[in-house]
Amino acid sequence: MAGSSSVSGNSDSRIENLICARKSLKLSLEKSKSVGLALEKAGPRLEEIRQRLPSLESAVRPIRAEKDALVAVGGHINRAVGPAAAVLKVFDAVHGLEKSLLSDPRNDLPGYLSVLKRLEEALRFLGDNCGLAIQWLDDIVEYLEDNSIADQVFLSNLKKELESLRGSQNGELDGGLLDAALDKLGNEFRLLLTENSVPLPMSSLGDQACIAPSPLPVSVIHKLQAILGRLMANDRLDKCVSIYVEVRSSNVRASLQALNLDYLEISVSEFNDVQSIEGYIAQWGKHLEFAVKHLFEAEYKLCNDVFERIGLDVWMGCFSKIAAQAGILAFLQFGKTVTESKKDPIKLLKLLDIFASLNKLRLDFNRLFGGAPCAEIQNLTRDLIKRVIDGAAEIFWELLVQVELQRQNPPPSDGNVPRLVSFITDYCNKLLGEDYKPILTQVLIIHRSWKRQSFQEKLLVNEVLNIIKAVELNLETWIKAYDDPMLSNFFAMNNHWHLYKHLKGTKLGDLLGDSWLREHEQYKDYYSTIFLRDSWGKLPGHLSREGLILFSGGRATARDLVKKRLKKFNEVFDEMFTKQSGWIMPERDLREKTCQLIVQAVVPVYRSYMQNYGPLVEQDASSSKYAKYTVQKLEEMLLCLYRPKPVRHGSLRSPQFSGKYGNGIPDLRRTASAVV
């Protein structure tokens, strides 16, 4: 029993041990699970700690840095932050000006200019200090990097930001605000000019002595000057000048448009000779004087008023551009075109007109266009004057030769005064008249001075007298050239009277003298007497009364004699009238006197003859064959002789010469030697 009890006790003990072991294993398994779970949860946390280690390292790096470096870094940072903070403050101020500067300057121009000036000052400060602030910040980054005080990634980012700031420093620090404000000022400058630029009324054209006042109000000029000052300070002077020239030159052109200046664009190929455009030349002188004394004078003064604070070269350059663009060059070009035209005597007068116009404006030209910026206008003006003087002198000295060359031409078939004679007499009187002699004298003096030759007034007078003498020689030659003596006498009478009548009481006539004039008057009387004697004076001789005394049984014989003599009278009269009805006597007084002398020589004899012997043939069936003309009809026919055709002769304006004019001067085309 005791043995069985012992066995039973051992068995229980082992079971308890097993139970205890099972519990122990179970606990160990539970602990293992717990540890496994704990390890599973610790993995992400460890990873998180691992990732945070670099930043923690950076955070504690200053602690690891040397003590001197840590102490000095504060001072470096303070020195860099001060300028940077000042720059940022100015940047804020710039942005505060934006609203004012983007508004319309017209609302308050002085205030706008004041704000703009503040912006300029702020930008100058930024320009001067941004670089300094960036440099200080660069130094800090370099210090941190050299002393390993900051993280490399952090320093790299700082460097990128500073590089970006350095790039923006070279660009627009204000985001384009200054340019926008300056553009607005430029527009206001243009608006002020445009709104106050009004074309000059053409009523001023008749008052050449009046100089136009400044075309802009003083208040507007002051505004323009204020705007100009700010734009110039920002390197926009050229833009201002460009706007000013554009607006003001356009205004001058508008003033000139009312004058109808299309003729200034005419070319040499568009007209035959100067005579066809002499009306334009007369207008040219008036229009040029108006443009210079009224328009360009006003622009000259206004340029000085607006740009005087900037400098002489600027406002003179501005004025020269206005003058050139407004039309002064076109005026000068027209004068040059005239000088290039075909040569003829009328051209001499027109060249003298051009010279007179330019000479009248000489002081104005020298004052307005005398500056260096007007070099082109000066050169064109000098060239024009040289062309005018050379051309006028050349034509004048060639006149005598051209008159002499006409001597070989035949005289007029109608016995009229050759156009050469009528033209030259009027022409020479014009050259010696008060209008042209002083101008021609001045032109010849200048022309000879260029050749280092002296000039005396008698040279001009003698040349004109030589021209008249050449005309006389031409007349003598032409008088002898007629085959018909009656026509020769008629021609001589015509021309001697023309010279006497048209030169008596004139400058040229005074130079020729009374004896010369009386000589031509006497020649007229001489040739008139011969003409009447040898032509119409012979006609009454055909109405002889010889053999017509009525005798017994002689009525039939008398009738036959009357018929025969009337028939002969009619034949000679018709022949002479037909021939001479084509002859021309241009001077009315000479024509009427000559016709009266013819009437006195013929009509009384014819009247008496018809009264006495007309009845012998009037009752005849063929009476109209013999009593062909009534006394009244005969007188009317004679009084109608020698009337000129409905064409103006002897006028300086009437002939449209092409090649030769009338019996006169050939086409004097410009030779190569005469071209300047």
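Residues numbered from 1 in each chain as written. Predicted model: local features only at pLDDT ≥ 70, side-chain atom pairs only at ≥ 80, totals over all residues. Heavy atoms only, no water.

### Considering the overall build of the protein
Next up, step 1: Across its full length, the protein holds 23 helices and zero strands.
Next up, step 2: In the protein, which comprises 676 residues, the proportion classed as buried is 44%.
Next up, step 3: Within the protein, contacts between residues at least 6 apart in sequence are counted, and of these 84% link residues at least 24 apart.
Next up, step 4: Carbon and sulfur atoms make up 53% of the accessible area of the protein, which totals about 35,700 Å². (Helix = DSSP H or I, 4+ residues; strand = E, 2+ residues; numbered from the N terminus. Buried < 20%, exposed > 50% of the residue type's maximum accessible area, 1.4 Å probe, protein only. Contact = heavy atoms within 4.5 Å. Areas by Shrake-Rupley, 256 points an atom, 1.4 Å probe, with all protein chains shown as cover.)

### Quick look at the packing of aromatic side chains
Next up, step 1: One pass over the structure, following the stated rule, counts 26 aromatic pairs.
Next up, step 2: Between F296 and F369 the ring centres are 6.2 Å apart and the planes differ by 70°, which places this aromatic pair in the edge-to-face class. Separated by 73 residues along the polypeptide, F296 in helix α8 (residues 278-307) and F369 in the loop between α12 (362-368) and α13 (375-405) bring together distant segments of the chain.
Next up, step 3: Residue classification places F296 among the buried residues on the basis of a relative accessible area of 0%.
Next up, step 4: Residue classification places F369 among the buried residues on the basis of a relative accessible area of 2%.
Next up, step 5: Members of the aromatic cluster, connected to one another through ring pairs, are F296, Y300, W315, F319, F365 and F369. (Phe/Tyr/Trp six-rings, centres within 6.5 Å; stacked < 30°, edge-to-face > 60°.)

### With respect to the pattern of salt bridges
Next up, step 1: According to the stated counting rule, one finds 24 salt bridges in the structure shown.
Next up, step 2: One network of salt bridges, in which partners are shared, links K293, E297, D364 and R367. (Salt bridge = Lys/Arg side-chain N within 4 Å of Asp/Glu carboxyl O.)

### Here's the deal with the nonpolar core
Next up, step 1: Y244, F296, F369, W536, F573, L638 and Y642 are the most contacted members of the largest nonpolar core, which has 162 residues in total.
Next up, step 2: With 13 residues, the single largest contributor to this core is α8.
Next up, step 3: If we skip the residues at most four places from it in the chain, F296 touches V252, A291, F319, A323, A326, I328, L368 and F369. (Core = buried A, V, L, I, M, F, W, Y, C linked by side-chain atoms within 4.5 Å.)

### Digging into the packing of α8 against helix α11 (residues 345-360)
Next up, step 1: Running from N to C, α8 and α11 point in directions that differ by 5°, and their axes come no closer than 9 Å. It follows from the interaxial angle that α8 and α11 lie roughly parallel. Within the contact between the two elements, α8 uses E278, I281, W284, G285, L288 and E289 and α11 uses I346, K350, I354, S357, L358 and K360.
Next up, step 2: Classifying every residue of the contact of α8 with α11 by side-chain character gives six nonpolar, two polar and four charged. (Axes fitted to C-alpha atoms, helices over the stretch in contact; angles between N-to-C directions. Parallel < 35°, antiparallel > 145°, perpendicular 65-115°, else oblique. Nonpolar A, V, L, I, M, F, W, Y, C, P; charged D, E, K, R; others polar.)

### A short note on the confidence of the model for the protein
Next up, step 1: In the predicted model, the protein carries a mean pLDDT of 81, and 73% of its residues have values of at least 70.
Next up, step 2: Long-range and interchain partners of residues 207-211, a stretch whose pLDDT sits below 50, account for 10 contacts in this model, where long-range means more than four residues apart.
Next up, step 3: Note that residues 648-676 has pLDDT below 50 and, in this model, 80 contacts with residues that lie over four places away or in other chains. (pLDDT = per-residue confidence, 0-100.)

### A closer look at unusual backbone geometry
Next up, step 1: Backbone geometry at R452 places phi at a positive 60°, although glycine is not the residue there.
Next up, step 2: Classification of R452 by relative accessible area gives exposed; the value is 79%.
Next up, step 3: The phi dihedral of Y642 falls on the positive side, at around 65°, and the residue is not glycine.
Next up, step 4: Structurally, Y642 is set in the segment after α23 (631-639).

### Comments concerning the packing of α13 against helix α15 (residues 437-450)
Next up, step 1: In contact at an axis separation of 9 Å, α13 and α15 are set at 100° when each is read in the N-to-C sense. The orientation of α13 with respect to α15, classified from their angle, is roughly perpendicular. Here K386, I389, D390, A392, A393, F396 and W397 of α13 lie close against α15, whose contacting residues are L440, V443, L444, I446, H447, R448 and W450.
Next up, step 2: For the contact of α13 with α15, the per-class residue count stands at 10 nonpolar, one polar and three charged.

### Points about the side chain of S249
Next up, step 1: If you trace the backbone, S249 turns up in helix α7 (residues 237-257).
Next up, step 2: In contact with S249, not counting residues within four places along its chain, are I322, Q325 and A326.

### Quick word on the state of the cysteines
Next up, step 1: Taken as a whole and assessed by the stated rule, the structure comprises zero disulfides.
Next up, step 2: No disulfide involves C374; its sulfur sits 9.8 Å from that of C303, the nearest cysteine. (Disulfide = S-S within 2.5 Å.)

### Structural notes on the environment of E394
Next up, step 1: Structurally, E394 is set in helix α13.
Next up, step 2: What makes E394 buried here is its relative accessible area of 14%.
Next up, step 3: Along the backbone, E394 and L348 are 46 residues apart, and their C-alpha atoms lie at a distance of 8.9 Å.

### Looking at the environment of V562
Next up, step 1: Along the polypeptide, V562 turns up in helix α20 (residues 555-580).
Next up, step 2: With a relative accessible area of 0%, V562 lands in the buried category.
Next up, step 3: C-alpha of V562 to C-alpha of Y626: the two residues are 64 residues apart in sequence and 8.5 Å apart in space.
Next up, step 4: Other than its neighbours up to four places away in sequence, V562 contacts L548, Y609, Y613, L616 and V617.

### A short note on α8
Next up, step 1: In this model, α8 (30 residues) spans 41 Å end to end at C-alpha, consistent with the 44 Å of a helix rising 1.5 Å per residue.
Next up, step 2: Taking the largest bend as the criterion, α8 deviates by roughly 35°, centred on F296.
Next up, step 3: By the criterion of burial, α8 is predominantly enclosed, with 23 of the 30 residues buried. (Expected span 1.5 Å × (residues − 1). Bend = angle between axes of the 7 residues up to and from the residue.)

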